[in-house]
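# Examination of the molecular architecture
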Amino acid sequence: MSEALSQSIVVVGLNAALQKRFVLAPGKNLEPGNVHRAHRCETGVGGKGQDVGVALSCLLSRRAKEASNDDKAVLLAQFLGAGPEGDAVSNALRTKHGLSDALTIRNAAPLRTCTTIVGADEATELVETSGEVTDEEMEALRGKIEEMTKEGGRADCVCIMGSMPPGCEGGTYADLTSRLAGGESLVLIDSVIGLDPLLAALAAIYDENEGTKEGGGGAVLKLNAAELCKLAGVTKPSGETDRVTMEELTASTKGFVSTHASAIGALDYLCITDGKWPGYLVEVPRSASASFRTWQLPAVDLSKEGMLYPIGAGDTVAAGTLAAWQYLHHRTKDQLFGVVPSEVGTKLSERRAQWSEEEDKGGKMATAFAFGLACGSASCLQQENSVFDVDDAVKFFGGMAKPIVQ
């Protein structure tokens, strides 16, 4: 049993949940004000960080058929509340998805429940409030992280996901990232909570390890187009659900860099999703006035796939992107490093070579994000949050056109 964090993906997902699926009778949708009887009820894992862990386990389970898995390949830094809800999530993560509980804290507050009401062609999500995390419980998590970093070094990858439960201070993500990540770490952020101190912490890490970021680690912020416009203070006249325009994207990127002072030193790219529309990889400019590259990545057409289950798809995008990025980052060292199975690694390498002759970070990141988008699309075909068939993801990825540099 390896304790080496230097080969691990650590997912910081502090706000876990028990996911309940209340499935209505065939052909029925939710009608507010009416009584609804369940056709069936299901329970599973919820929470953005936990969704990432589940999605990564889909890749790990395939990889296990060709090589023995390190049980610390994916670690969830999380609080799982006391009681039957926390027990159910803990058991599911360990027994069904094969994920270690080495960085799990069983805190005293009950675990929240998130309920999805699934109708014939629409789903409604009900999200409970979370119980409070005490100072002692947070210190217990810090202690576990410190113990593991002393034994195994800094994490190879860190993924920061979603909101924080009550009791967590605004700088919690910054603090935990400072303890987990080093200059060689790959960091994916899918949260806008505590973003400024987190970016400042990352900039400090790379500043302390001068020279390592260019050839070593790096960081990306994944968010949707509407979130980017909001963070940058850019009005989106076309509406939040309409396709983002290049003018809005350019203005938002420049505005984001201007309003978040540490972004330039902390981030390499923005991974921007836009619902059913194409995604974008945006190079973080070195100043608000500097030029920057933008890659447009094709959207997967799911219009003929029947009933779709999009809850958790965005978290699956984060998981697939980070897994592919980790593989492409290390592929010259060890073809089996990371969590992706060999057929995925082969497809990633082929696409990387086909899409860009230059061995630059941008082409590598565009390939990784494209695979993430394919995984997110594949998860829409499965009822359970963030679960996907690797073959579906490979098929969607293989059918993608080359990303277009704008």
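Residues numbered from 1 in each chain as written. Predicted model: local features only at pLDDT ≥ 70, side-chain atom pairs only at ≥ 80, totals over all residues. Heavy atoms only, no water.

What follows is about the side chain of Asp51. Along the chain, Asp51 falls in helix H1 (residues 48-63). At 6.7 Å, Lys48 is the nearest oppositely charged side chain to Asp51, a buried residue that forms no salt bridge. If sequence neighbours within four positions are ignored, Asp51 has contacts with Val45, Gly46, Gly312, Asp315, Asn385 and Ser386. (Helix = DSSP H or I, 4+ residues; strand = E, 2+ residues; numbered from the N terminus. Buried < 20%, exposed > 50% of the residue type's maximum accessible area, 1.4 Å probe, protein only. Lys, Arg positive; Asp, Glu negative; His and termini not counted. Salt bridge = Lys/Arg side-chain N within 4 Å of Asp/Glu carboxyl O. Contact = heavy atoms within 4.5 Å.)

Turning to the sheet that holds strand E10 (residues 218-224), a few remarks are in order. The pairing of strands in a sheet happens through backbone hydrogen bonds and is either parallel or antiparallel. The 10 strands lie next to each other as E5-E4-E1-E8-E9-E10-E11-E12-E13-E14, forming an open sheet whose pairing is mixed. Sheet topology places strand E5 (104-105) and strand E14 (404-405) at the edges, where each strand pairs with a single neighbour. In terms of strand pairing, strand E8 (residues 157-161) meets strand E9 (residues 186-190) through five bridges, oriented parallel. Across the sheet, the residue bridging to Met161 is Asp190, located in E9. (Pairing = 2+ DSSP bridges.)

With that settled, the discussion passes to the sheet that holds strand E2 (residues 17-23). Strand order in this open sheet of four strands is E3-E2-E6-E7, and the pairing throughout is mixed. Looking at strand neighbours, the two that pair on one side only are strand E3 (40-46) and strand E7 (123-127), the edges of this open sheet. Strand-to-strand, the axes of this sheet are offset by a mean angle of 20°, without reference to chain direction. (Axes fitted to C-alpha atoms, helices over the stretch in contact; angles between N-to-C directions.)

With five of seven residues buried, E2 lies mostly within the body of the structure. Judged from the seven bridges that link them, E2 and E3 form a sheet pairing that is antiparallel. In the strand pairing of E3, Leu18 is matched with Val45. Across six bridges, E2 lies against strand E6 (residues 113-118) in parallel orientation.

We now examine a negative patch on the surface. On the surface, a cluster of negative charge is contributed by Glu132, Asp135, Glu136 and Glu169. Inspection of the secondary structure puts Glu132 in the loop between E7 and helix H3 (135-152). (Patch = residues over 30% accessible without salt bridge, like charges linked within 9 Å, V, L, I, M, F, W, Y side chains within 5 Å. Areas by Shrake-Rupley, 256 points an atom, 1.4 Å probe, with all protein chains shown as cover. Charge placed at Lys NZ, Arg CZ, Asp CG, Glu CD.)

Right, let's get into helix H4 (residues 172-180). Turning to H4, its buried residues number three or more, namely Thr172, Tyr173, Ala174, Leu176, Thr177 and Leu180. Tucked inside the fold, the buried residues of H4 contact strand E1 (9-12), H3, E8 and helix H5 (195-208).

Core analysis: the biggest nonpolar cluster contains 68 residues, and Val11, Leu56, Leu281, Val339, Phe371 and Phe388 have the highest contact counts within it. With near-sequence residues (within four places) excluded, Leu56 lies in contact with Ile9, Val11, Val74, Ala319, Ala323 and Val339. Judged by nonpolar contacts, the second largest core, of 51 residues, contains Leu141, Cys168, Tyr173 and Val284. (Core = buried A, V, L, I, M, F, W, Y, C linked by side-chain atoms within 4.5 Å.)

This brings us to the packing of aromatic side chains. Going through the model one piece at a time under the given rule, you end up with three aromatic pairs. Look at Trp355 and Phe397: their rings are 5.8 Å apart centre to centre, the planes differ by 75°, and that puts the pair in the edge-to-face class. Taken as a pair, Trp355 in helix H11 (residues 342-355) and Phe397 in helix H13 (residues 390-398) lie far apart in primary sequence, 42 residues in all. The class of Trp355 is buried, set by a relative accessible area of 9%. On the numbers, 5.5 Å between centres and 85° between planes, the contact of Phe371 with Phe397 is edge-to-face. Residue Phe371 is found in helix H12 (residues 361-379), and its partner Phe397 is found in helix H13; the two are separated by 26 residues along the sequence. By relative accessible area, which is 1% here, Phe371 ends up buried. Residue Phe397 is classed as buried on the basis of its relative accessible area, which comes to 1%. (Phe/Tyr/Trp six-rings, centres within 6.5 Å; stacked < 30°, edge-to-face > 60°.)

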